[in-house]
Amino acid sequence: MTKFFLKGFYLHIATHLLCLPGDERVNENIALTSIHALMLREHNRLARALAELNPHWNGERLYQEARKIMGGYFQVREQLRCMDF
């Protein structure tokens, strides 16, 4: 298998494993890797649901709308974290 080392990630060309997260720290601990995987899967789930609701949207529109919803998740989570109960 041919491997290329790129910013702390292994890019496996032979197996077509080309998914590289945008954060170099992803391989530093399993928790961060897990969060990245969960967020990616949730984004893809949202994009599939949006595609069913809006079959006329192209791939880029689906991606951007799912991205906006994911950004909203993080904003609500951060606001709740900062509130005093």
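Residues numbered from 1 in each chain as written. Predicted model: local features only at pLDDT ≥ 70, side-chain atom pairs only at ≥ 80, totals over all residues. Heavy atoms only, no water.

1. Digging into the pattern of salt bridges
Put simply, the rule is: A pair is scored as a salt bridge if a Lys or Arg side-chain nitrogen falls within 4 Å of a carboxyl oxygen belonging to Asp or Glu. The helix and strand labels rest on DSSP assignments: H or I over at least four residues marks a helix, E over at least two residues marks a strand, and numbering proceeds from the N terminus. Buried means the residue's accessible area, taken with a 1.4 Å probe over protein chains only, is under 20% of the maximum for its type, while exposed means over 50%, and partly exposed covers the values in between.
Tallying each qualifying case throughout the model produces three salt bridges. A salt bridge links Arg-45 to Glu-42; its shortest N-O distance comes to 2.8 Å. Of this pair, Arg-45 and Glu-42 are both found in helix α1 (residues 30-53), three residues apart, which corresponds to roughly one turn of the helix. The class of Glu-42 is buried, set by a relative accessible area of 18%. Two residues, Glu-65 and Arg-61, come together in a salt bridge whose shortest N-O distance is 3.4 Å. Of this pair, Glu-65 and Arg-61 are both found in helix α2 (residues 59-82), four residues apart, which corresponds to roughly one turn of the helix.

2. Observations regarding the layout of surface pockets
Defined as follows: A pocket, in this scheme, is an open set of points on a 1 Å grid over the protein atoms alone with protein on both sides within 12 Å along at least 5 of 7 lines, while a cavity is a set where a 1.4 Å probe fits but cannot get out; residues line either one if an atom lies within 4 Å of a point. Grid points are joined across faces, edges and corners, and a volume is the space filled by probe spheres set on the points. Classification used: nonpolar for Ala, Val, Leu, Ile, Met, Phe, Trp, Tyr, Cys and Pro, charged for Asp, Glu, Lys and Arg, polar for all others including Gly.
When its volume is computed, the second largest pocket comes out at roughly 190 Å³. Along its surface, the second largest pocket is lined by Met-39, Leu-40, His-43, Tyr-63, Arg-67 and Met-70. Where the lining of the second largest pocket is concerned, the elements lending two or more residues are α1 and α2. Split by residue class, the lining of the second largest pocket holds four nonpolar, one polar and one charged.

3. Here's the deal with the nonpolar core
Selection criterion: Among buried residues, the Ala, Val, Leu, Ile, Met, Phe, Trp, Tyr and Cys ones that are joined through side-chain atoms within 4.5 Å form a nonpolar core. In what follows, a contact means two residues having at least one pair of non-hydrogen atoms within 4.5 Å.
One finds Leu-46, Ala-47, Leu-50, Trp-57, Leu-62, Ala-66 and Met-70 forming the largest nonpolar core, which totals seven residues. For this core, the secondary-structure elements that each account for two or more residues are α1 and α2. With near-sequence residues (within four places) excluded, Ala-47 lies in contact with Leu-62 and Ala-66.

4. Here we look at the confidence of the model for the chain
In low-pLDDT regions, the fine details of the predicted coordinates are not to be read closely. The criterion, for reference: On a range of 0 to 100, pLDDT expresses the predictor's confidence in each residue.
Per-residue pLDDT for the chain has a mean of 76; in total, 66% of the residues score no lower than 70. Here strand β1 (residues 3-6) stands out as the least confident element of the chain, with mean pLDDT 43; α2 is the most confident, with 89. Predicted confidence is poor over residues 1-18, with pLDDT under 50, and the contacts of this stretch with residues over four places away or in other chains come to 30 contacts.

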